[in-house]
Amino acid sequence: MTDFGAAFQAAITLVLDWEGDLAEIVSLSLRISLTAVAVAAVVGLPLGAALALFRFPGRKILVVLLNALMGLPPVVVGLVVYLMLSRAGPLGVLGLLFTPLAMTIAQMILITPIIAALARQVIEDLWDEYAEQLQSFGAGPGRAVTALLWDARFSLLTAVLAGFGRASAEVGAVMIVGGNIDHVTRVMTTSIALEVSKGDLALALGLGIVLVTLSVAVNAAVYLVKDAAQKRQLA
Amino acid sequence: MIRTLTRRALLGAALTVATSLALAPLVTPTAQAADRFITVASTTSTQNSGLFGFILPKFQAATGIEVRVVAVGTGKAIRMAQDGDADVLFVHHRPSEEKFVAEGFGVKRFDVMYNDFVIVGPQADPAGIKGGKDAAAAMKTIADAKAPFASRGDDSGTHKKEKGLWKAAGVDAAAASGTWYRETGSGMGATLNTAVAMNAYALTDRGTWLSFKNRGDLVVVVEGDPRLFNPYGVILVSAKKHPHVKSADGQAFIDWLVSKDGQQAIADFKVGGEQLFTPSAGG
């Protein structure tokens, strides 16, 4: 029990001593995860919408596959990216291993299927509702993709947030491709893992509290923006 | 319709700005990060003890070279260096290090420092080995008593050392895996956490043990056996195998480690007043 009290103390001390390493670690975590989410959204949302609207052979298999990829194990993604980026791997000449960019790539691979799969479901439901209407305007699936993505934007936000949640919480992939290098590739989750391995469980839990708080803050900010936009739309 | 279009354009612009803002620092190095850096593949024991955090700033101040440490088990560190993903290898398992150089992956091995391994175990000492000086005999007693023993099980330097001790003790510990012998397959700290939770015995390097904060009921039960000697070596990865290796800066790091300044820095590193590593270059 003492650990929990000590953890809250550690969390408060960490936040009060903001200009220390914590600010650097938090900003790197946010930068990596937000970039991964932005790229994954740009790729995943149209992909999901297209999969919802276009009919082609093998579509059902693709849908099942995409849904299954939501459960990609981070360690496996990390290992594959590691082997690709290693000097001994096919992309080794780029020298990207153990950089924030490598971590972003790994997270992007992890969360693009999540965003795409959730977007497909949202768009498919909406399409069932509006197919007739859109077709009567003469809008084919191509134009319907953009129209439906826009109409479903508030629901799709939840899909993007799910992606962000996965990205900011995972440790397996970024540990392997980033190497947890101090001041270079150390993020919140790898710091927590490191403190656990040092046996400093209170500090680890304190960092955990900061991470969860941060996640709540990001989600609250998104919720407020969404709420304001929805109200303006109704007015 | 027009309003929607403007809004879409605005949203698009906002997205672009946000993305580029987020991406910019990833492509352009941050102000603090030095342009000159080397990557060192090393072990969790050197990292977790805090040694690197203490000596690396001194080296960077002297030379302007930033050292990026990737701390993994010795087995993984050697693999990293073989693949060319590190410039310098800094580990603690002499036979593997000599093999690494002999196979042409490394230029030359330098002695840097040493500490020793200790066997830690519960205060109650169910196997009754406390105070012993013979590590192999103690481990034989643990096996006979079937007292829980937490092993790294990860092919690290410490794990290799432990396997050597079981061999010396004439015990086939791997056969008992899952019963009293428990392989955690993780780093030194994680294994110590497990040992604390299970009240098990474990082999650890003294550096990690002294700086470890979650000791619970465990204490050092066996120390001082010459077989528990734990030397660290540093090796520059060969540019013949991997032309991109930063040989000059990597060698500068090794030269500094074995220099008077580097050796002094290692000797000055203390946790709770206790010196963790003894410099041994040139000795």
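Bear in mind that the values here come from a model prediction, so they are computed numbers and not experimental data.

J.: Summarise the overall build of chain B; cite the residues concerned and give the values.
T.: Each helix and strand counted, chain B has eleven helices and twelve strands in total. In chain B, the proportion of contacts linking residues at least 24 apart, taken out of those at least 6 apart, comes to 77%.

J.: Explain the packing of helix α4 (residues 74-85) of chain A against helix α5 (residues 100-136) of chain A to me, using residue names and the numbers behind them.
T.: Residues and elements named next belong to chain A. Their axes nearest at 10 Å, the elements α4 and α5 cross at an angle of 135 degrees. With respect to α5, the element α4 is oriented oblique. You can see that α4 and α5 cross each other, and the crossing is right-handed. Here Pro 74, Val 77, Gly 78, Val 81 and Leu 85 of α4 come into contact with α5, specifically with Ala 102, Ile 105, Ala 106, Ile 109 and Leu 110.

J.: Residue-level account of the domain arrangement of chain B, with values.
T.: Residues and elements named next belong to chain B. In terms of domain boundaries, chain B breaks down into domain 1 (37-114 + 232-279) and domain 2 (116-228). Measuring from the centre of the C-alpha atoms in domain 1 to the corresponding centre in domain 2 gives 26 Å. With 18 residues of domain 1 at the contact, the number on the domain 2 side is 14 residues. Broken down by secondary-structure element, the contributors of at least two residues to the side of domain 1 that touches domain 2 are α2 (44-48) and α4 (74-82). The greatest single-element share of the side of domain 1 that touches domain 2, amounting to three residues, is contributed by α2. Residue composition of the side of domain 1 that touches domain 2, grouped by class: five nonpolar, twelve polar and one charged.

J.: Which residues make up helix α6 (residues 135-145) of chain B, and what values go with them?
T.: Residues and elements named next belong to chain B. Three or more residues of α6 are buried, namely Ala 135, Ala 138, Met 139, Ile 142 and Ala 143. Here the buried residues of α6 occupy an arc of 140 degrees about the axis, which is enough to place them on one side. Buried residues belonging to α6 abut β4 (106-122), β5 (149-151), α7 (157-169), β7 (201-205) and β8 (218-222). Count one or two residues on from α6 and you reach Lys 146, which has phi positive near 50 degrees.

J.: Can you tell me about the interface of chain A and chain B, naming the residues and giving the values?
T.: Each partner contributes to the interface: chain A provides 24 residues, whereas chain B provides 28 residues. Every element with two or more residues in the side of chain A that touches chain B is listed here: α2 (21-53), α5 and α9 (188-197) of chain A. The element contributing the most residues to the side of chain A that touches chain B is α2 of chain A, with four residues. Tallied by class, residues from the side of chain A that touches chain B come to twelve nonpolar, seven polar and five charged.

J.: Can you explain the pairing of β4 of chain B? Please cite residues and give values.
T.: All names here are of chain B. Taken together, the eight bridges between β4 and strand β9 (residues 229-237) define a ladder with antiparallel strand orientation. Looking at the pairing, Arg 109 lines up with Ile 235 of β9. Note that β4 and strand β12 (residues 278-279) share two bridges and pair antiparallel. Note on β12: the bridge partner recorded for Met 113 is Pro 279. Across four bridges, the pairing between β4 and β7 is antiparallel. Its bridge partner being in β7, Phe 117 is matched across the sheet by Asp 205.

Conventions and cut-offs
- Residues numbered from 1 in each chain as written.
- Chains lettered and ligands numbered in written order.
- Predicted model: local features only at pLDDT ≥ 70, side-chain atom pairs only at ≥ 80, totals over all residues.
- Helix = DSSP H or I, 4+ residues; strand = E, 2+ residues; numbered from the N terminus.
- Contact = placed C-beta atoms within 7 Å.
- Axes fitted to C-alpha atoms, helices over the stretch in contact; angles between N-to-C directions.
- Parallel < 35°, antiparallel > 145°, perpendicular 65-115°, else oblique.
- Left-handed = near helix turned anticlockwise from the far one by under 90°.
- Domains from an automatic or database assignment.
- Nonpolar A, V, L, I, M, F, W, Y, C, P; charged D, E, K, R; others polar.
- Buried ≥ 20, exposed ≤ 12 C-beta atoms within 10 Å, placed from the backbone.
- Arc of directions from axis to C-beta.
- Pairing = 2+ DSSP bridges.

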